[in-house]
Amino acid sequence: MNILVLNAGSSSLKFQVIATDHKAIDADADVCLARGVVERVGSLALVTFQAGDRAPHKEEVPLRDARAALERVVRWVISPEAGIAGVRSAADIHAVGHRVVHGGERFQASTLIDGAVVAGIEDCVELAPLHNPANLKGIRAARELFGPGVPQVAVFDTAFHATMPEAAYLYGIPYHFYRRYKIRRYGFHGTSHRYLAYRYRRMLGLSKEKVNIVTLHLGNGCSACAIKAGQSVNTSMGFTPLEGMIMGTRAGDVDASVVEYLSLKEGLSLHEIMTILNKESGLLGLSGMTSDMRELLAEEKENGDRRARLAVDIFCARARRYVAAYFAEIGGAQAVVFSGGIGENSAEIRARVCAGLDCLGLRLDERRNSALKRGQAGLISTPASRLKAYVIPTDEELLIARDAYRAVAGRRSPA
Ligand code: ADP
């Protein structure tokens, strides 16, 4: 079955076409037929499409909205120019899987989309005002374009964390705010953490129940997850993606009193302070230079920049703190798994995070750590290390495609 996987952002549309079915899932042999991204949707869009390993197709074209962007994607996917085997018309797309950021408490698993599900995702807009409206635009565009004959499935960033116990998801504020407004930790990056747990158990030949690990998704957004018996029992992002680790531009954990104090001192509105915490803090705010980890590491190395070093040190210390906390929370982890743009590509950050973790039995193997190639998964701790460390490139799209396939196959043949 050919699944179109869509990740609709506020001004971008990312996609993959993935061929999968029961056999492919069992053999771990799903195939990514094509991928691409439309950036700057709403103006002169920049389009990058790639089929298989062939050279990417790039163009600039005005695309008004999500619907126009999706039409362009589908037109290319089915074109002779893309030349994707078995995909010659829109009818060769059998289902669509959508990444949806917030599923609230209602959506605890991937769900076939109907009118009620769209309304449910709309209800979650309050909880994710920046993300869910964009995801909904993608869903509406795909439902219009493909019609009722092509099933659509929503895969939620929050769903993997639905297994967190109350003790992990409640904040220490009056309980009635949870009852009234559902103020609690939800957690995000769930599909990525779930993929890392899955890939880890495949690599080691373990059953799901045997997986006790701490996963670190370190990209522009960063989160840690405590995974016990294959399930999320805690995660560092909270009510919104602002909480937890130091990120590209997000502050992560901050004493809430800072908000009032800043407002008094600078005469800023709540909205302005939230903008500072979300968009001007983290690596960018600390360094005063950039949110890009690669640039910070270069500044530190080439110019000995003190603020760049400080930003990176604080980033690594915060990551280490979460690893240690979650190690204890799951009663001793087997491994720490690094992923995301930073976790997958920066041997230096991995080394600096691991440097303080020898007390938990982690011994980094410097050679393995620096020898790992881009896109490769592998062990980076010594064979004797009690707590192992791995790098696993994440693949949220694969799980979205598989969930879409399963939801559709389940509906067609309940057996
Ligand atoms: P997103 O969270 O938006 O998907 P990514 O997962 O692509 O982002 O991560 C982006 C981050 O990864 C940036 O800070 C970038 O500098 C960092 N990064 C990518 N490659 C490297 C590298 N070789 N060394 C250090 N950081 C890197």
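Since the model is a prediction, treat every value here as computed from it, not as a measurement.

### A short note on the layout of surface pockets
- A volume near 480 Å³ is recorded for the second largest pocket.
- Taken together, 23 residues line the second largest pocket, and the ones lying closest to its centre are Phe160, Arg194, Lys208, Leu399 and Asp403.
- In terms of residue count, helix α7 (residues 190-204) provides more of the lining of the second largest pocket than any other element does, 6 residues in total.
- Classifying every residue of the lining of the second largest pocket by side-chain character gives 9 nonpolar, 8 polar and 6 charged.
- Both domain 1 (2-156) and domain 2 (206-391) contribute no fewer than three residues apiece to the lining of the second largest pocket.

### Some words on the domain arrangement of the chain
- Domain boundaries in the chain define domain 1 (2-156) and domain 2 (206-391).
- Put simply, the middle of domain 1 and the middle of domain 2, counted by C-alpha atoms, are 29 Å apart.

### Structural notes on the environment of Phe177
- Looking at where Phe177 falls in the secondary structure, it is placed in helix α6 (residues 175-181).
- Ignoring anything within four residues of it in the chain, the contact list for Phe177 reads Lys182 and Ile183.

### What to know about the site of the ligand
- Within the structure, the ligand sits among 13 residues, and Asn220, Asp292, Met293, Arg294 and Gly341 are positioned closest to it.
- Asp292 places a polar side-chain atom, nitrogen or oxygen, 2.5 Å from an oxygen atom of the ligand.
- Measuring from an oxygen atom of the ligand, one finds a backbone N or O atom of Arg294 at 3.1 Å.
- Of all the secondary-structure elements, those providing two or more residues to the shell around the ligand are α11 (293-303) and α13 (340-345).
- Per element, the largest residue contribution to the shell around the ligand is 4 residues, and it comes from α13.

### Some thoughts on the sheet that holds strand β13 (residues 378-379)
- If you trace the 6 strands from one edge of the open sheet to the other, you get β11-β10-β9-β12-β14-β13, paired in mixed fashion. Two strands bound the open sheet, and with one partner strand each, they are β11 (231-235) and β13.
- As paired elements, strand β9 (residues 213-218) and strand β10 (residues 222-228) share 6 bridges and run antiparallel to each other. Following the sheet pairing, Val214 is matched in β10 by Ala226.

### So, the nonpolar core
- Grouped together as the largest cluster of nonpolar side chains are 44 residues, with contacts concentrated most on Leu216, Leu218, Met245, Met293, Phe315, Phe338 and Ile349.
- Of all the secondary structure elements, the ones that give two or more residues to this core are β9, β10, α11, α12 (306-329), β12 (335-339), α14 (347-354) and β14 (388-391).
- For this core, the element with the highest residue contribution is α12, accounting for 10 residues.
- Discounting residues that sit within four places of it in the chain, Leu218 has contacts with Met245, Phe315, Phe338, Ser339, Gly340, Gly341, Ile342 and Gly343.
- Counting residues in each nonpolar core, the second largest holds 31 residues, with Leu4, Ala51, Ile84 and Val96 among its members.

What counts and what doesn't
Residues numbered from 1 in each chain as written. Predicted model: local features only at pLDDT ≥ 70, side-chain atom pairs only at ≥ 80, totals over all residues. Heavy atoms only, no water. 1 Å grid on protein atoms, 1.4 Å probe; cavity = no way out; pocket = protein on both sides within 12 Å on 5 of 7 lines; lining within 4 Å. Points joined across faces, edges and corners; volume = space filled by probe spheres on them. Helix = DSSP H or I, 4+ residues; strand = E, 2+ residues; numbered from the N terminus. Nonpolar A, V, L, I, M, F, W, Y, C, P; charged D, E, K, R; others polar. Domains from an automatic or database assignment. Contact = heavy atoms within 4.5 Å. Near = heavy atom within 4 Å. Polar contact = N/O pair within 3.5 Å; in protein donor to acceptor, adjacent residues only side chain to side chain. Pairing = 2+ DSSP bridges. Core = buried A, V, L, I, M, F, W, Y, C linked by side-chain atoms within 4.5 Å. Buried < 20%, exposed > 50% of the residue type's maximum accessible area, 1.4 Å probe, protein only.

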